[in-house]
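One-letter residues, chain by chain:
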Amino acid sequence: MARRRGEWPADPEPLPAPVIDNHTHLESIPEVLDDGVPDPGVAAQLERAAAVGVAAAVQIGCDLDSAEVSVRWAQEHPRLVAGVAIHPNEAVLHAGVREIAPDGLEPAPLPRHTASLDDAIARIAELARGERVRTVGETGLDFFRAGEEGRAVQRESFRAHIALAKELGLPMQIHDRDAHADVLDVLSRDGAPEVTVFHCFSGDAEMAAECARRGYYLSFAGPVTFASADAVRDAAAVVPATQLLVETDAPYLTPAPHRGAPNAPYLLPMTVRRLAEVRGDDLAWLCERLHANATSIYGPW
Ligand SMILES: [Zn+2]
Ligand SMILES: [Zn+2]
């Protein structure tokens with residue numbers, strides 16, 4: 001029987017040892033649900049995840065509203081810690097830039113945010129001081145839609161977040177879409193925070209090797225399971241196990257064979273299993289390694 005697009009997939013087989021979801025946006029789940037598909041809420045999502053071996057998660061709030069929510073949820077839910085930042089695409093909106101992207105795409109039809117970029121980052125800096133906030137992120141560069149003016153704003157915002165992570169001694173989570181060389185260049189020039197994590201790594205094996213050489217962590221998401229994503233699997237195969245993380249980036253990037261359905265932390269086991277296959281790692285061993293990496297970066301929960 002065909003599954004209707006948008007329904008929650010069934011639980012995957014539980015993992016043999018617990019792992020942690022490096023990057024999720026639980027507050028965005030209601031926005032992607034089709035009419036009539038239930039929203040279980042944060043507590044139920046976390047319980048469902050824990051039942052299949054996803055013991056905890058880093059809840060990422062990357063605009064002003066979701067950053068506030070993320071900090072509150074991390075205080076309320078012991079399985080969550082928070083990350084806060086202004087996403088590169090949000091930075092463009094705070095700066096009031098409206099332009100046509102180089103590929104002719106219209107910019108996102110969104111109004112300018114009322115807060116200036118400086119004020120928005122200042123609020124993030126306040127929130128980032130909270131005990132349950134364990135990373136500055138996601139920040140970085142997203143050249144998918146941004147033209148020259150937007151890209152300049154994103155660089156400025158990225159550099160401010162790098163400085164903030166260093167000032168507070170926090171790990172940084174990077175968003176890099178179609179901007180690999182530029183992200184690496186900014187990190188080289190300014191100096192990366194001591195712990196730097198590429199969320200949803202989308203580079204090739206050559207870039208993965210370069211990131212590993214620099215000591216960065218690489219976090220892999222649902223694309224590891226996509227038929228078209230050989231380059232990402234090749235990248236995942238060359239990362240040292242001590243620098244490897246996994247994430248859902250929920251509610252986006254739902255692992256195969258459930259693409260099109262909403263994503264949530266309980267679906268992370270599908271990505272972890274594929275990662276173990278691609279790397280030739282024993283599954284239980286890999287889970288233990290992934291858990292140890294995440295707790296050494298963000299923990300204790
Ligand atoms: Zn991202
Ligand atoms: Zn994200």
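The preceding data block contains the structure.
This is a predicted model, so every value here is computed, not measured.

Visitor: What should I look at first to understand the environment of Ser228 in this one?
Guide: Note that Ser228 resides in the loop between strand 7 (217-220) and helix 9 (230-238). Classification of Ser228 by C-beta neighbours within 10 Å gives exposed; the count is 8. Ser228 sits 23 residues away from Pro251 along the chain, and the two C-alpha atoms are 20 Å apart.

Visitor: What is the right way to read the packing of helix 8 (residues 205-213) against helix 9 from this model?
Guide: For any two helices packed against each other, the geometry comes down to the angle between their axes and how far apart the axes lie. Packing of helix 8 against helix 9 brings their axes to within 8 Å, and their N-to-C directions diverge by 30 degrees. By the angle between their directions, the pair helix 8 and helix 9 is classed as roughly parallel. Along this stretch, helix 8 crosses helix 9, giving a crossing that reads as right-handed. Only Asp234, Ala235 and Val238 of helix 9 make contact with helix 8, whose side of the interface consists of Ala205, Met207, Ala208 and Ala209. Along the lines of polarity and charge, the residues of the contact of helix 8 with helix 9 split into six nonpolar, no polar and one charged.

Visitor: What is the right way to read unusual backbone geometry from this model?
Guide: Residues apart from glycine generally show negative phi values, whereas peptide bonds are mostly found in trans. Between Gly137 and the following residue, Glu138, the backbone shows a cis peptide bond with an omega angle of 10 degrees. Omega for the bond connecting Gly299 with Pro300 falls within 30 degrees of zero, at -5 degrees, which places this linkage in the cis form. Inspection of the secondary structure puts Pro300 in the segment after helix 11 (283-298). You will see that Asp249, though not glycine, has its phi angle at about 50 degrees, which is positive. By secondary structure assignment, the location of Asp249 is in the loop between strand 8 (244-246) and helix 10 (268-279).

Visitor: Just to check I follow, could you spell out helix 8 for this structure?
Guide: Because an α-helix completes one turn every 3.6 residues, residues spaced three or four positions apart along the sequence face the same direction. If you check which residues of helix 8 are buried, you get Met207, Ala208 and Cys211. When helix 8 is viewed along its axis, its buried side chains cluster within an angular range of 100 degrees and face the same direction. Structurally, helix 8 contributes buried residues whose contacts are with helix 7 (180-190), strand 6 (196-198), strand 7 and helix 9. Immediately downstream of helix 8, the backbone of Gly215 shows phi near 90 degrees, a positive value.

Visitor: Any chance you could explain the sheet that holds strand 5 (residues 172-177) here in plain terms?
Guide: Two orientations exist for strands paired in a sheet by backbone hydrogen bonds: parallel and antiparallel. Taken together, the eight strands give an open sheet; going across it, the order is 1-2-3-4-5-6-7-8, and neighbouring strands pair in parallel fashion. Both outer strands of the open sheet, strand 1 (19-24) and strand 8, are each paired with one neighbouring strand and no more. Here the average twist between neighbouring strands, direction ignored, is 30 degrees. As judged from the three bridges shared by strand 7 and strand 8, these two strands associate in the parallel manner. Along strand 8, the bridge assignment pairs Phe220 with Val246. Most of the contacts of helix 3 (residues 64-76) go to strand 3 (residues 80-84), to which it runs at about 155 degrees, and overall it touches strand 2 (54-61), strand 3 and strand 4 (133-142).

Visitor: So what exactly am I meant to see when it comes to the pairing of strand 5 here?
Guide: The side chains of a regular strand alternate, first on one face of the sheet and then on the other. The element strand 5 is largely enclosed, with a buried count of five among its six residues. Examined bridge by bridge, strand 4 and strand 5 share five bridges and lie parallel to one another. Bridge assignment links Thr139 to a residue of strand 5, and that residue is Ile174. With three bridges connecting them, strand 5 and strand 6 associate as parallel partners.

Visitor: Explain the pairing of strand 4 here, please?
Guide: The buried fraction of strand 4 amounts to ten of the ten residues, a majority that puts the element mostly inside the structure. One ladder, built from three bridges, connects strand 3 with strand 4; its direction is parallel. Looking at strand 4, one finds that Val84 is bridged to Val136. A crossover connection joins strand 4 to the parallel strand 5 through helix 6 (residues 148-168); in handedness this β-α-β unit is right-handed.

Rules used throughout
Every residue gets a number counted from 1 within its own chain, in the order that chain's sequence is written. Naming scheme: in the order in which they are written, chains are lettered from A and ligands are numbered from 1. Whole-chain, interface and lining totals are the exception, using all residues; otherwise, since this is a predicted model, local features are given only for residues with pLDDT of at least 70 and side-chain atom pairs are given and counted only at 80 or more. By definition, any uninterrupted DSSP run of H or I lasting at least four residues is a helix, any uninterrupted run of E lasting at least two residues is a strand, and each is numbered from the N terminus. Backbone-placed C-beta atoms define the burial measure: a residue is buried with 20 or more other C-beta atoms within 10 Å of its own, exposed with 12 or fewer, and partly exposed in between. Note on geometry: axes are C-alpha line fits, over the in-contact stretch for helices, and angles between N-to-C directions span 0 to 180 degrees. Oblique is the label for any angle not under 35 degrees, not over 145, and not in the 65 to 115 range, which are roughly parallel, roughly antiparallel and roughly perpendicular in turn. The crossing is said to be left-handed when, going from far helix to near helix, the turn is anticlockwise and less than a right angle, and right-handed when the turn is clockwise. The contact criterion used is a C-beta to C-beta distance within 7 Å, with each C-beta placed from the backbone. Following the grouping adopted for this structure description, the nonpolar residues are Ala, Val, Leu, Ile, Met, Phe, Trp, Tyr, Cys and Pro, the charged ones are Asp, Glu, Lys and Arg, and the polar ones are all others, Gly among them. It is the directions from the helix axis to the C-beta atoms whose arc is reported. Strand pairing is assigned whenever DSSP identifies at least 2 bridges connecting the two strands. Orient the strands so they point away from the viewer, and a crossover whose first-strand-to-second-strand path over the helix runs clockwise is right-handed.

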